[in-house]
Protein chains: 2
Amino acid sequence: MDLLIETIKQEGIILSDSVLKVDSFLNHQIDPQLMLEMGKEFAKRFKEEGITKIVTLESSGIAPSIMTGLQLDIPVIFARKKKSLTLVNELLTAKVYSFTKQESNDISVAKKFLNENDHILIIDDFLANGQAALGLAEIVKQANASIAGIGIVIEKGFQNGGAKLRELGYRVESLATIHSLKNGEIIFKEEARGAI
Amino acid sequence: MDLLIETIKQEGIILSDSVLKVDSFLNHQIDPQLMLEMGKEFAKRFKEEGITKIVTLESSGIAPSIMTGLQLDIPVIFARKKKSLTLVNELLTAKVYSFTKQESNDISVAKKFLNENDHILIIDDFLANGQAALGLAEIVKQANASIAGIGIVIEKGFQNGGAKLRELGYRVESLATIHSLKNGEIIFKEEARGAI
């Protein structure tokens, strides 16, 4: 998605060979117009799928998800993150390990919001090792709902999450895929292809 | 706001005389169309104020804020919540005590996103004791930015947060104000006035 790639180029801050900071438009400060365009793009890619609900993860997944939900006219559910959960009777839960933060979180969705008739689009802001998407997929499967696909704002193509999810058979649609962050430069997949 | 009041009547679950659950459209599952209408309503009420940015609190403040930001064409910043903060050099921080959860959180916004030229609309999902709004206001003041007002989705009129904020001189605009949750019934301020 060109507008997103341009925004990342202008505002993304490379913190290391594997970490990109996008807190000026996605993760902390949010650009609502850009979120709307993302929502339109996700909706365009998935509109034939008969999706009934979007499942995302707090907090950075909410803005792109809500704009996609607006376009598809379906509800959004955000899974909650907790260090550890008690009283899980009414919850669907999964464990998600964050390599960046080196900590494990329990994520949860109330059982009452998902059932076997649901066909779910999972949305998240970043795809790196795929842990968050796998956790969300696990929750959807616990509800016996089906998964239409996984929409990602920024995929780190140099980490293995995307390959892992695609090998599992999921349709993964990323709005921008980063090929490399080396030498202080952001190279996108499309550019890498052209620059063999 | 009529659509919101109708939705609360239909979907709100009274857990006690002081606790209302609205997790089917605001706090866990989110209704994007309703969020858009809220955004339009907040934008209508504050459009003459010359607001430069919206400041809210993760996670439930994000959806109504992003829709308001879309209408006003301004960025949204969500303050992050943490049990306790370390490395606060580049952060504006405040302490927020939650009476519901009986726990204290540090909330923070990166310094670089707020400055003395900003005129801020604070948005939050609930107003009860006013602790979250006061914490957000403190952060805005630390940046020497000014506060245009406080937009609240649901105000619990029977708790003292609204009165406290208004006494401090803040313009508080609530889309729905609950007068009472007693006897298993949700009475809104407007209805209470009519029913003396």
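Residues numbered from 1 in each chain as written. Chains lettered and ligands numbered in written order. Predicted model: local features only at pLDDT ≥ 70, side-chain atom pairs only at ≥ 80, totals over all residues. Heavy atoms only, no water.

### Describing the overall build of chain A
Thought 1: In terms of regular secondary structure, chain A is built from six helices and eleven strands.
Thought 2: By its C-alpha atoms, chain A is 50 × 35 × 35 Å across when sized along the principal axes.
Thought 3: Here chain A, with 196 residues, has 56% of them falling under the buried criterion.
Thought 4: Long-range contacts, defined as pairs at least 24 residues apart, comprise 61% of the intrachain contacts of chain A with a sequence gap of at least 6.
Thought 5: Carbon and sulfur atoms form 47% of the exposed surface of chain A, whose accessible area is close to 8,700 Å². (Helix = DSSP H or I, 4+ residues; strand = E, 2+ residues; numbered from the N terminus. Buried < 20%, exposed > 50% of the residue type's maximum accessible area, 1.4 Å probe, protein only. Contact = heavy atoms within 4.5 Å. Areas by Shrake-Rupley, 256 points an atom, 1.4 Å probe, with all protein chains shown as cover.)

### Comments concerning unusual backbone geometry
All names here are of chain A.
Thought 1: Each neighbour pair has its own omega, and for Glu58 with Ser59 the value is -5°, a cis peptide bond.
Thought 2: Note on placement: Ser59 falls in the loop between strand S4 (53-57) and helix H3 (62-72).
Thought 3: Here Asn144, not a glycine, exhibits a phi torsion of approximately 60°, which is positive.
Thought 4: The exposure class assigned to Asn144 is exposed, which follows from its relative accessible area of 57%.
Thought 5: Phi angles above zero are rare outside glycine, and Asn183 is one such case at about 55°.

### Let's talk about helix H2 (residues 32-46) of chain A
Residue and element names in this part refer to chain A.
Thought 1: When the terminal C-alpha atoms of H2 are compared, their 21 Å separation across 15 residues agrees well with the 21 Å that a helix rising 1.5 Å per residue should span.
Thought 2: Within H2, the full set of buried residues consists of Pro32, Leu34, Met35, Leu36, Met38, Gly39, Glu41, Phe42, Ala43 and Phe46.
Thought 3: If you check the start of H2, you find a side-chain oxygen 3.0 Å away from the backbone N of Gln33, and it comes from Asp31. (Expected span 1.5 Å × (residues − 1). Polar contact = N/O pair within 3.5 Å; in protein donor to acceptor, adjacent residues only side chain to side chain.)

### What about the interface of chain B and chain A?
Where the parts come together, the accessible area they lose is often given as the size of the interface.
Thought 1: Counting from both sides, the interface comprises 36 residues of chain B and, opposite them, 36 residues of chain A.
Thought 2: Note that Lys112(B) and Asp23(A) form a salt bridge whose closest N and O atoms lie 3.2 Å from each other.
Thought 3: Counting every contact that joins chain B to chain A gives 19 residue pairs in polar contact (both at pLDDT 80 or more).
Thought 4: At the level of elements, strand S3 (29-30), helix H2 (32-46), helix H3 (62-72), strand S5 (76-82) and strand S7 (103-110) of chain B are the ones that each hand at least two residues to the side of chain B that touches chain A.
Thought 5: For the side of chain B that touches chain A, the element with the most residues is H3(B), which contributes six residues.
Thought 6: Residues belonging to the side of chain B that touches chain A are distributed by class as follows: 20 nonpolar, nine polar and seven charged.
Thought 7: Across two bridges, strand S3 (residues 29-30) of chain A lies against S5(B) in antiparallel orientation. Residue pairing for S5(B): Ile30(A) is matched across the bridge by Val76(B). (Salt bridge = Lys/Arg side-chain N within 4 Å of Asp/Glu carboxyl O. Nonpolar A, V, L, I, M, F, W, Y, C, P; charged D, E, K, R; others polar. Pairing = 2+ DSSP bridges.)

### Observations regarding the packing of aromatic side chains
Residues and elements named next belong to chain A.
Thought 1: Throughout the structure, instances matching the rule amount to two aromatic pairs over all chains.
Thought 2: Considering the side-chain rings of Tyr97 and Phe99, the 5.1 Å spacing of their centres and the 90° angle between planes classify their relative orientation as edge-to-face.
Thought 3: Judged by its relative accessible area of 35%, Tyr97 falls in the partly exposed class.
Thought 4: Relative accessible area serves as the criterion here: at 46%, Phe99 is assigned to the partly exposed category.
Thought 5: It is Arg171 that lies over the ring of Phe46; its NZ or CZ is 4.4 Å from the centre. (Phe/Tyr/Trp six-rings, centres within 6.5 Å; stacked < 30°, edge-to-face > 60°. Lys NZ or Arg CZ within 6 Å of the ring centre and 35° of its normal.)

### Considerations on the UniProt feature "binding site: 5-phospho-alpha-D-ribose 1-diphosphate" (unreviewed entry) in chain A
Residue and element names in this part refer to chain A.
Thought 1: If you check UniProt for "binding site: 5-phospho-alpha-D-ribose 1-diphosphate" (unreviewed entry), the listed places come out as Ala128, Asn129, Gly130, Gln131 and Ala132 in our numbering.
Thought 2: Looking at where Gly130 falls in the secondary structure, it is placed in the loop between strand S8 (119-127) and helix H4 (131-142).
Thought 3: Looking at Gly130, the relative accessible area reads 4%, which means it is buried.
Thought 4: Residue placement: Gln131 occurs in helix H4. (UniProt positions renumbered as here; feature names shortened; annotations may be inferred.)

### A short note on the environment of Leu72(B)
Thought 1: Here Leu72(B) is to be found in helix H3.
Thought 2: Residues Leu72(B) and Glu191(B), spaced 119 residues apart in sequence, show a C-alpha to C-alpha distance of 31 Å.

### Some points on the UniProt feature "binding site: xanthine" (unreviewed entry) in chain A
All names here are of chain A.
Thought 1: Feature annotation in UniProt assigns "binding site: xanthine" (unreviewed entry) to the following positions: Leu20, Asn27 and Lys156.
Thought 2: For Leu20, the position within the fold is in strand S2 (residues 20-21).
Thought 3: Under the relative-accessibility criterion, Leu20 is labelled buried at 5%.
Thought 4: Take Lys156: it is sitting in strand S9 (residues 146-156).

### Focus on the pattern of salt bridges
Thought 1: For the structure shown, the criterion picks out 24 salt bridges over all chains.
Thought 2: Ionic pairing is found between Glu37(A) and Lys40(A), a salt bridge with its closest N-O pair at 3.6 Å. Of this pair, Glu37(A) and Lys40(A) both sit in helix H2, three residues apart, roughly one helical turn.
Thought 3: Between Arg45(B) and Glu41(B) there is a salt bridge, with its nearest N and O atoms 2.8 Å apart. Taken as a pair, Arg45(B) and Glu41(B) lie in helix H2 at a separation of four residues, close to a single helical turn.
Thought 4: With relative accessibility at 23%, the residue Arg45(B) sits in the partly exposed group.
Thought 5: Owing to a relative accessible area of 17%, Glu41(B) belongs among the buried residues under this scheme.

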